[in-house]
Amino acid sequence: MKILITESKLNLIIKNWLNKNYGDLEKFNRTEFREIYLSKNGRFKIMYNLRGKQLYIVSEIWNFISDIFGLDYEETGKFLLDWCNNEFGFRAKVFYRVNEI
């Protein structure tokens, strides 16, 4: 059985999943490097570089979103960039998937 989901519904599902699983990340500022780190259970999940407006997201989150929701690299990155900018007040312009931070 194939289920069709509109783009707006899919975006809402992904956003709700991210909010539930990663909306409570702890924030650590490294002012000497102009970086902000977000962690969960003592492990860094996201890093934002203020100077370069670069967003680094661990593959654990990235791959789950991409694989479960069928998004390609650009779609996944754009969605995560928008979510991080809105959720954490970042102004990121560029995104990267990394194995660890």
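Model, not experiment: these values are computed from the prediction. (Residues numbered from 1 in each chain as written. Predicted model: local features only at pLDDT ≥ 70, side-chain atom pairs only at ≥ 80, totals over all residues. Heavy atoms only, no water.)

J.: What exactly am I supposed to notice about the overall build of the protein here?
T.: Each helix and strand in the protein was counted, giving three helices and five strands. The C-alpha radius of gyration of the protein comes to 14 Å, within 12% of the 13 Å expected for a compact globule of 101 residues. Looking at the protein as shown, the accessible area adds up to about 6800 Å², and 49% of this sits on carbon and sulfur atoms. (Helix = DSSP H or I, 4+ residues; strand = E, 2+ residues; numbered from the N terminus. Rg over C-alpha atoms; globule rule 2.2 N^0.38 Å. Areas by Shrake-Rupley, 256 points an atom, 1.4 Å probe, with all protein chains shown as cover.)

J.: I would appreciate a short explanation of a nonpolar patch on the surface in the present structure.
T.: On the surface, Phe-28, Phe-44 and Ile-101 cluster together into a nonpolar patch covering about 230 Å² of accessible area. Tracing the backbone through its elements, the reader meets Phe-28 in strand E1 (residues 26–30). (Patch = residues over 30% accessible without salt bridge, like charges linked within 9 Å, V, L, I, M, F, W, Y side chains within 5 Å. Salt bridge = Lys/Arg side-chain N within 4 Å of Asp/Glu carboxyl O.)

J.: Before we go on, may I ask you to explain the pattern of salt bridges in this structure?
T.: When the charged atoms of two side chains with opposite charge come close together, those side chains can pair. Scanning the entire structure with this criterion turns up three salt bridges. Across the pair Glu-32 and Arg-30 runs a salt bridge, and its minimum N-O distance is 3.3 Å. Relative accessible area serves as the criterion here: at 32%, Arg-30 is assigned to the partly exposed category. (Buried < 20%, exposed > 50% of the residue type's maximum accessible area, 1.4 Å probe, protein only.)

J.: Which parts of the structure should I look at to understand the sheet that holds E1?
T.: Through backbone hydrogen bonds, the strands of a sheet pair up, either in parallel or in antiparallel fashion. Ordered by their spatial adjacency, five strands build an open sheet running E1-E2-E3-E4-E5, and the pairing between neighbours is mixed. Of all strands in the sheet, those with a lone pairing partner are E1 and strand E5 (94–98), marking the two edges. In this sheet, neighbouring strand axes are inclined to one another by 20° on average, regardless of whether the strands run parallel or antiparallel. Across four bridges, the pairing between strand E3 (residues 43–49) and strand E4 (residues 54–58) is antiparallel. (Pairing = 2+ DSSP bridges. Axes fitted to C-alpha atoms, helices over the stretch in contact; angles between N-to-C directions.)

J.: Hey, could you run me through helix H1 (residues 7–22) in this one?
T.: At 3.6 residues per turn, the α-helix brings residues three or four places apart onto the same side. Across its 16 residues, H1 extends 22 Å between first and last C-alpha, which sits within 8% of the 22 Å expected from 1.5 Å per residue. Residues of H1 that are buried include every one of Leu-10, Ile-14, Leu-18 and Tyr-22, and no others. The buried residues of H1 all sit within an arc of 70° when viewed along its axis, so they share a single face. Turned more than 90 degrees away from the buried face of H1, the exposed residues are Ser-8, Lys-9 and Lys-20. Packing partners of the buried residues in H1 comprise strand E2 (35–40), E3, helix H2 (59–69) and helix H3 (73–88). (Expected span 1.5 Å × (residues − 1). Arc of directions from axis to C-beta. Contact = heavy atoms within 4.5 Å.)

J.: Just to check I follow, could you spell out the side chain of Thr-76 for this structure?
T.: Assignment of secondary structure puts Thr-76 in helix H3. The exposure class assigned to Thr-76 is buried, which follows from its relative accessible area of 0%. Sequence-distant contacts of Thr-76, that is, excluding residues within four places in its chain, are made with Trp-62, Ile-65, Ser-66 and Leu-71.

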